[in-house]
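Descriptive analysis of the structure
The primary structure of each chain is shown beneath.
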2 protein chains.
Amino acid sequence: MATSSSLTLSQAILSASLPRHGSPSPLSLSLPSFSTPTPTLSTTSSLSSTSRRRGPPSRHLVRASAAVETLEKTTDVNLVEKSVNTIRFLAIDAVEKANSGHPGLPMGCAPMGHILYDEVMRYNPKNPYWFNRDRFVLSAGHGCMLQYALLHLAGYDAVKEEDLKQFRQWESSTPGHPENFETPGVEVTTGPLGQGIANAVGLALAEKHLAARFNKPDNEIVDHYTYVILGDGCNMEGISNEACSLAGHWGLGKLIAFYDDNHISIDGDTEIAFTENVDQRFEALGWHVIWVKNGNTGYDEIRAAIKEAKAVTDKPTMIKVTTTIGFGSPNKANSYSVHGAALGAKEVEATRSNLGWPYEPFHVPEDVKQHWSRHTPKGGALEAEWNAKFAAYEKKYPEDAAELKSIFTGELPAGWEKALPTYTPESPADATRNLSQQNLNALAKVLPGFLGGSADLASSNMTLMKMFGDFQKKTPEERNLRFGVREHGMGAICNGIALHSPGFIPYCATFFVFTDYMRGAMRISALSEAGVIYVMTHDSIGLGEDGPTHQPIEHLASFRAMPNIFMFRPADGNETAGAYKVAVLNRKTPSILALSRQKLPQLPGTSIDAVEKGGYIVSDNSTGNKPDVILVGTGSELEIATIAAEQLRKEGKAVRVVSLVSWELFEAQSAEYKERVFPADVTARVSIEAASTFGWEKFVGTKGKAIGIDRFGASAPAGKIYKEFGLTPEGVVAAAKSLC
Amino acid sequence: MATSSSLTLSQAILSASLPRHGSPSPLSLSLPSFSTPTPTLSTTSSLSSTSRRRGPPSRHLVRASAAVETLEKTTDVNLVEKSVNTIRFLAIDAVEKANSGHPGLPMGCAPMGHILYDEVMRYNPKNPYWFNRDRFVLSAGHGCMLQYALLHLAGYDAVKEEDLKQFRQWESSTPGHPENFETPGVEVTTGPLGQGIANAVGLALAEKHLAARFNKPDNEIVDHYTYVILGDGCNMEGISNEACSLAGHWGLGKLIAFYDDNHISIDGDTEIAFTENVDQRFEALGWHVIWVKNGNTGYDEIRAAIKEAKAVTDKPTMIKVTTTIGFGSPNKANSYSVHGAALGAKEVEATRSNLGWPYEPFHVPEDVKQHWSRHTPKGGALEAEWNAKFAAYEKKYPEDAAELKSIFTGELPAGWEKALPTYTPESPADATRNLSQQNLNALAKVLPGFLGGSADLASSNMTLMKMFGDFQKKTPEERNLRFGVREHGMGAICNGIALHSPGFIPYCATFFVFTDYMRGAMRISALSEAGVIYVMTHDSIGLGEDGPTHQPIEHLASFRAMPNIFMFRPADGNETAGAYKVAVLNRKTPSILALSRQKLPQLPGTSIDAVEKGGYIVSDNSTGNKPDVILVGTGSELEIATIAAEQLRKEGKAVRVVSLVSWELFEAQSAEYKERVFPADVTARVSIEAASTFGWEKFVGTKGKAIGIDRFGASAPAGKIYKEFGLTPEGVVAAAKSLC
């Protein structure tokens, strides 16, 4: 590609984001027409930046005409149609070749997809990770061939023609649903419905926060939109209502959602289960709502809606785009049969004929290819321009620049871990939820990308960062997030934040038992390598009177079985700090911290560093790696194991106490280390954990005993329940004696 | 109590449900006043029944004035106030004594609670299980002292004064949140927010279904309301939006929800996270919405709202009742501090003084006691009257009566299990999801209370009952439920259906991986002993191309760890039928069936009855209970184990193949039986399951090998993934040979 032409193009692009008609009314409800098809040229970007700003009082609520115009409208309607049909047929052909997939959505959404990627969005196909790119989320992830076709046309290296031909095949970059960890250019992992729109709320929150925190009157270094396409399915899911309620509450004006209103879901017409008034609901949630009645061919309608959405800066916008699922298929359009199966050779031919598409499978017509080819130089220019802008920013605002850089590179500030608190056995006994708060507050001071909050349990989860205020519509520079009672939305929003920039370290909190409400999002954290920290307090029957609805039993086991997530159950201050250390360091593995409501002593033998091993010897009076018995505990029960060990030692036994704070980390240790902790010859082993014993056979073996709770809990003071359930030092001593 | 007086009372009560002012407009928005405080008397109930009906075309949409009036307004305002304050102080005193609990909601909601239980609801305190009772659900379950106080005043045996004094104590009938299995009079188990309102949707659905199916022009044998109190927290949860969208869609006109609009949640004012327009959202969901501005003392406003709600028969109604949390507490009312902690002795005294309450703790003033005492005879009379009505119904409509009786007694029709299909090895190979559909359709014919559906995956989950149509607003007598893409709401609605009457056997379906979306409700099924059947298809990487977002890995383990739930993974037709048999028989334990998308052969050695053991020997060529190796499989991998066994036997090995279709059932077997299946001496054991190996140590021991998947799945054709992941007969053979 020619470098000189890219420079020229760059200028043209930059000009397109300039205000042309003065500041439009941010609340205008009219549908403006495109009276100026060719963008006026301008030479400097700093002018553009300054002219975008208003005075500080309104800066978070009302943003002026930044990028109010779409990037570049293509006036050649035939070319647009051809490009749109290219997208449709790439999807049709890929699904047909795989004989698996979902052609309906791409065929219906190709027009909005085309306009977004060809005319509206700012991105650099050669660097999918460019920080200031616009984000796009396909919340209706089953329609991923739409996104793959768009990434292909736009020039992303991950989706070449051969990749399209490998759609849904082993180790391809075009898996069955969009996966950020497989396909650079895909921002988040979607497919489970409703996750994507909630991720998008997180992405838009991240932008709003960073913009408020780092932008300067003379340098708007953070400035991008978040676009999302969601379908009927997403809108039925509770998670989307949770996240969208927050988006409205927070006034995420740069979040623009396209609702693919096609009236078809897998079971048929949405009339059978989805007759609510979606527009009215979104208005109730504080969104601006626009209806594009002709999403199939109404290109100017779509463009006008985007323009209007951008003009509304204090609310997120939902553009309801009425489309025909499977548009172009003469016999299957507008029916569920086109949703999730290949069209079949005959219908593919009929569709080719119907849409006048003479090309062979996977063919991109030359003029379409040529048209899209400009995005590579354009994208490079956009990034180069931004880099120059950042260089200026760095020069003028070095401290802010360092923080922002840490966030967009993911490089943690040197020595951050020194901020972690340490404890000695003399430190006061405390609940690990309180110790967690000490850690959160320590980390908040040293980690620029650290932010988070609770689902309406901040004062129970102990998650407030005392040096910050609340992230709210008018104070988006703050870092305490208030999620309300919306666990599922909270988790998915945190995934969006984590995947916005590698240096973001979002945490979120609720009672451990309510991971049941957010497990869908937590699994996507693990799968999509989003290093969210889950601060889960009230981690056992130790919470007492609230009873079995609030007492986790099976939850530790359920997460220990989940791939790529650390399940920590720290026993005291040092283990809590150690868990945070591992959690912060592992940006591609989420962590769950199960924390106590009740006070726990600071135990001798624990340490921050030991946590990294997952399991370690806390105390031992044996010699030659041959204890009479090994007592294993986690969290609040490590104290019980310790007390039992003292008792047994008084009676002359050689007793080892092991903390298994994270099974995953312990599993990752060498065989030698594991043998040092659990010698194969020592089969007298007793575990104690106030939770299901499921899975403990791995450590206590066939000859050991696992003390736990294989029933639901009960409502009573914690001490009483522990006693009634036999979770006592006496119980451990008795079990140990029966084995050695 | 005097029987004669109860008869008189009965007549008075029955008359109160008669229409007095003709048919009110069902969509009237005005707030009618109570112009007729004393009910007109009438002598027959059949008259009442007939006059309630309109012609068939509109019968499901518009119900006439059945019970449009509240039961009995108390005109003595002072007595009402005194009763309301009794409720407040019972709550205050119980929380104070326990030094744990939530006084704020009961103090704020006492007025609506009083009107509901004293004036509106029809129930029999001496038989909390009377079929035709009105149902009440406290969705904001933390405020359970409201319900306990009401049950106490109303005369329920489970909540006597000593029980109130044992609030939140070990083995009391007044646990920390309402639990149906602990407290007769409590319908469902709430506490986890949003569950209750969704349960209530299920209860109201059950009533609407039964009424449409069994009521006759001359005998409306099914006729009750479902009332629910929910708070801000419930309304923030996505599950409530899901369930309420369905309630609107289904037009559940006899569902009346009170939204305790107190503007306070745990983190403080709802302004910090909940600023959406709730009224508008509910209108968008198809609800009738009424606002009671003074919920603290506006008794007539509350009464009028209920009257209006009953007049709107084609929509559920949300009555937003603006209250003051902790009403009456001079220093803590209207703040989060009164939400979830005892007031403290000083503030209790201040509140006593403020509300003019001279009594000692737990005291119910004599006139209040006297006033409420009428509910025992009244309730008995209501039930007696209904029993007479049912006797007439049974005489005239014996077949319908038998079906209805089966539903309200829970007694299954004799010989129902003969309907289950059986299979031989010659039966065609098929996916267990298809075999499941054969079972569902067989059971639908013989079980009157069998109904259910899918979360928009009926054609993938194979859950349609072919002899029935869809339960819809205008066809509520049908039994196929269409939940839309709302898994969490679906589960909780099924809990409500299951707990409406013991003979209801609801099933619901989605992909197994999306149990992550509904786990909150599934856990409540298990805890609250609601025998829901979860039909979970696409149970492993065997689903293929949809990839890791859709492929369960840790889910089997996660449910095996959960108390009181059966996790079945049937291998073929017989095991599928066996799983259904156990599921239907166990009405207090929910069941999950993990079913394959892919075809599986009918294996020799499987049987319906064997499934009841949970684990059993499928094939064996060893003698003396001493096989060289035991191969264990579940579901689709039992075939792989079988093929591997054939191979090993050809090589001269004595090989046992064990199916572990339900670990819970196997665990419940005798030690002898378990030893017969897994002799302790045989340590050469290989398990194969296309899922996490977590927990398999229990069966393969420390010396065996577990073949499984301890990572996320992948997008590719199923066969390819199985091969790449080593889930093959060759893999099993190799593992076996390494052990024996």
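Residues numbered from 1 in each chain as written. Chains lettered and ligands numbered in written order. Predicted model: local features only at pLDDT ≥ 70, side-chain atom pairs only at ≥ 80, totals over all residues. Heavy atoms only, no water.

All names here are of chain A. Within strand β14 (residues 591–595), five of the five residues are buried, which leaves the element mostly enclosed by the surrounding structure. Burial of β14 is two-sided: the residues S591, L593 and L595 facing one way and the residues I592 and A594 facing the other way are all buried. Sheet analysis places strand β13 (residues 566–568) next to β14, joined by three bridges and oriented parallel. For M567, the partnering residue across the bridge sits in β14 and is I592. (Buried < 20%, exposed > 50% of the residue type's maximum accessible area, 1.4 Å probe, protein only. Helix = DSSP H or I, 4+ residues; strand = E, 2+ residues; numbered from the N terminus. Pairing = 2+ DSSP bridges.)

This brings us to the sheet that holds strand β17 (residues 629–633) of chain A. Strand pairing in a sheet is mediated by backbone hydrogen bonds. Such pairs are either parallel or antiparallel. Residue and element names in this part refer to chain A. Spatially, β16-β18-β17-β19-β20 is the arrangement adopted by the five strands of the open sheet, whose pairing is mixed. Among the strands making up the open sheet, the edge pair consists of β16 (616–620) and β20 (705–707). For this sheet, the mean angle separating the axes of adjacent strands, direction not counted, is 20°. (Axes fitted to C-alpha atoms, helices over the stretch in contact; angles between N-to-C directions.)

Attention now moves to the nonpolar core. Judged by nonpolar contacts, the single largest core of 125 residues is most densely connected at A:F450, A:I533, A:L631 and B:L631. Once residues lying within four places of it in the same chain are set aside, the contact partners of B:L631 are B:A641, B:A644, B:A645, B:L648, B:V655, B:R656, B:V657, B:V658, B:V686, B:V732 and B:A736. (Core = buried A, V, L, I, M, F, W, Y, C linked by side-chain atoms within 4.5 Å. Contact = heavy atoms within 4.5 Å.)

In summary, the two copies of the chain are related to each other by a rotation about an axis coupled with a shift along it. By a simple turn and slide, chain B fits onto chain A: the slide is 0.0 Å along the axis, the RMSD is 0.0 Å, and the turn is 180°. A rotation of that kind, with that shift, is consistent with a two-fold axis. (Least-squares fit on C-alpha atoms with pLDDT ≥ 70 in both.)

What follows covers the pairing of strand β17 (residues 629–633) of chain B. Residue and element names in this part refer to chain B. By the criterion of burial, β17 is predominantly enclosed, with five of the five residues buried. Burial along β17 is two-sided: the residues V629, L631 and G633 and I630 and V632 are all buried. Sheet analysis places β17 next to strand β18 (residues 655–659), joined by five bridges and oriented parallel. When the sheet's bridge partners are listed, G633 is paired in β18 with S659. You can see the chain leave β17, run along helix α23 (residues 637–650) and come back into β18, and the turn it takes is right-handed. Where β17 and strand β19 (residues 685–688) come together, four bridges link them in parallel fashion. Directly across from G633, in β19, lies its bridge partner I688. (Right-handed = clockwise from strand over helix to strand, strands pointing away.)

The next point concerns the interface of chain B and chain A. Note: interface size is frequently given as the accessible area lost on complex formation between the parts. Facing the 98 residues of chain B at the interface are 97 residues of chain A. Taken over both partners, the interface formed by chain B and chain A buries close to 8,100 Å², and the fraction arising from carbon and sulfur atoms is 58%. Together, B:W170, B:R523 and B:F694 form the three largest contributors to the area buried by chain B at its contact with chain A, with a combined 11%. Between A:R168 and B:D546 there is a salt bridge, with its nearest N and O atoms 2.7 Å apart. Connecting chain B to chain A are 44 residue pairs in polar contact (both at pLDDT 80 or more). When the residues that make up the side of chain B that touches chain A are grouped by side-chain class, the tally is 39 nonpolar, 34 polar and 25 charged. (Buried area = accessible area lost by both parts, 1.4 Å probe. Salt bridge = Lys/Arg side-chain N within 4 Å of Asp/Glu carboxyl O. Polar contact = N/O pair within 3.5 Å; in protein donor to acceptor, adjacent residues only side chain to side chain. Nonpolar A, V, L, I, M, F, W, Y, C, P; charged D, E, K, R; others polar.)

It is worth spelling out the packing of helix α3 (residues 77–98) of chain B against helix α5 (residues 144–154) of chain B at this point. Residue and element names in this part refer to chain B. The N-to-C vectors of α3 and α5 enclose an angle of 120°; their axes lie 9 Å apart at closest approach. In terms of their interaxial angle, α3 and α5 are classed as oblique. With respect to the hand of their crossing, α3 and α5 are arranged in right-handed fashion. In this structure, α3 uses T86, I87, L90, A91, A94 and V95 to contact α5, whose residues at the interface are M145, L146, A149, L150, H152 and L153. By residue class, the composition of the contact of α3 with α5 is 10 nonpolar, two polar and no charged. (Parallel < 35°, antiparallel > 145°, perpendicular 65-115°, else oblique. Left-handed = near helix turned anticlockwise from the far one by under 90°.)

This paragraph deals with the pattern of salt bridges. All names here are of chain A. Under the definition given, this model contains 70 salt bridges over all chains. The shortest N-O distance in the salt bridge between K396 and D218 comes to 2.5 Å. In this pair, K396 sits in helix α14 (residues 375–396) while D218 sits in the loop between α7 (195–214) and β2 (226–231), placing the two residues 178 residues apart along the sequence. Taking the shortest distance from any N to any O, the salt bridge between R569 and E637 comes out at 2.6 Å. In this pair, R569 is assigned in the loop between β13 and α21 (573–585) and E637 in helix α23 (residues 636–650), connecting sequence segments 68 residues apart. By relative accessible area, which is 0% here, E637 ends up buried.

Remember that the coordinates give geometry; whether it matters functionally is a separate question.
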